[in-house]
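Spelled out, the chains give:
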Amino acid sequence: MITVLFFAKYREQLGLGRMSLELTSATTVSELKKRLVEQGGDDWAAVLFADNTLCAVNQTIAAPADAISDGDEVAFYPPVTGG
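Residues numbered from 1 in each chain as written. Predicted model: local features only at pLDDT ≥ 70, side-chain atom pairs only at ≥ 80, totals over all residues. Heavy atoms only, no water.

Visitor: Can you tell me about the packing of aromatic side chains, naming the residues and giving the values?
Guide: The tally for this structure, following the rule as stated, stands at two aromatic pairs. Ring geometry for Phe-6 versus Phe-76: centroids 6.0 Å apart, planes at 20°, classification stacked. Placement of Phe-6 in strand β1 (residues 2–6) and of Phe-76 in strand β7 (residues 73–77) is noted, with a sequence separation of 70 residues between them. Phe-76 carries the same exposure label as Phe-6, and that label is buried. Through pairs of rings, three or more aromatic residues link up here, namely Phe-6, Trp-44 and Phe-76. (Phe/Tyr/Trp six-rings, centres within 6.5 Å; stacked < 30°, edge-to-face > 60°. Helix = DSSP H or I, 4+ residues; strand = E, 2+ residues; numbered from the N terminus. Buried < 20%, exposed > 50% of the residue type's maximum accessible area, 1.4 Å probe, protein only.)

So, in structure tokens, the structure goes:
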């Protein structure tokens, strides 16, 4: 089981801040995104495949090819700006 988190405007767009997901096999960030879009549809694709969507696995920035293991926490969030 993994925990998937959505932050800021993504939480609002999807109407969901957290979900648990069972992993049946080894997967990558890219494969997880595809799986979520298959289940959620166009709204999810707009969030997960936006050019500026960031992803972290266990609070470390992750690339699309990075592995996700059982027990991991995966977070999707928009870029942060400040001043």
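Visitor: Explain the nonpolar core to me, using residue names and the numbers behind them.
Guide: Phe-6, Leu-32, Leu-36 and Phe-76 are the most contacted members of the largest nonpolar core, which totals 21 residues. Taken together, the elements giving at least two residues each to this core come down to β1, α1 (9–14), β2 (18–21), α2 (29–40), α3 (42–48), β4 (54–57) and β7. Contacts of Phe-6, omitting those with residues within four sequence positions, involve Arg-11, Leu-14, Leu-16, Gly-17, Met-19, Leu-36, Trp-44, Leu-48 and Phe-76. (Core = buried A, V, L, I, M, F, W, Y, C linked by side-chain atoms within 4.5 Å. Contact = heavy atoms within 4.5 Å.)

Visitor: Explain the sheet that holds β7 to me, using residue names and the numbers behind them.
Guide: Read across the open sheet, the five strands follow the order β2-β1-β7-β4-β5; overall the sheet is mixed. Each of the sheet's edge strands pairs with one partner strand only, and the pair in question is β2 and β5 (60–61). In terms of strand pairing, β1 meets β7 through four bridges, oriented parallel. When the sheet's bridge partners are listed, Phe-6 is paired in β7 with Phe-76. Sitting on the sheet, α2 touches β1, β2, β4 and β7, and the angle it makes with β2 is about 105°. (Pairing = 2+ DSSP bridges. Axes fitted to C-alpha atoms, helices over the stretch in contact; angles between N-to-C directions.)

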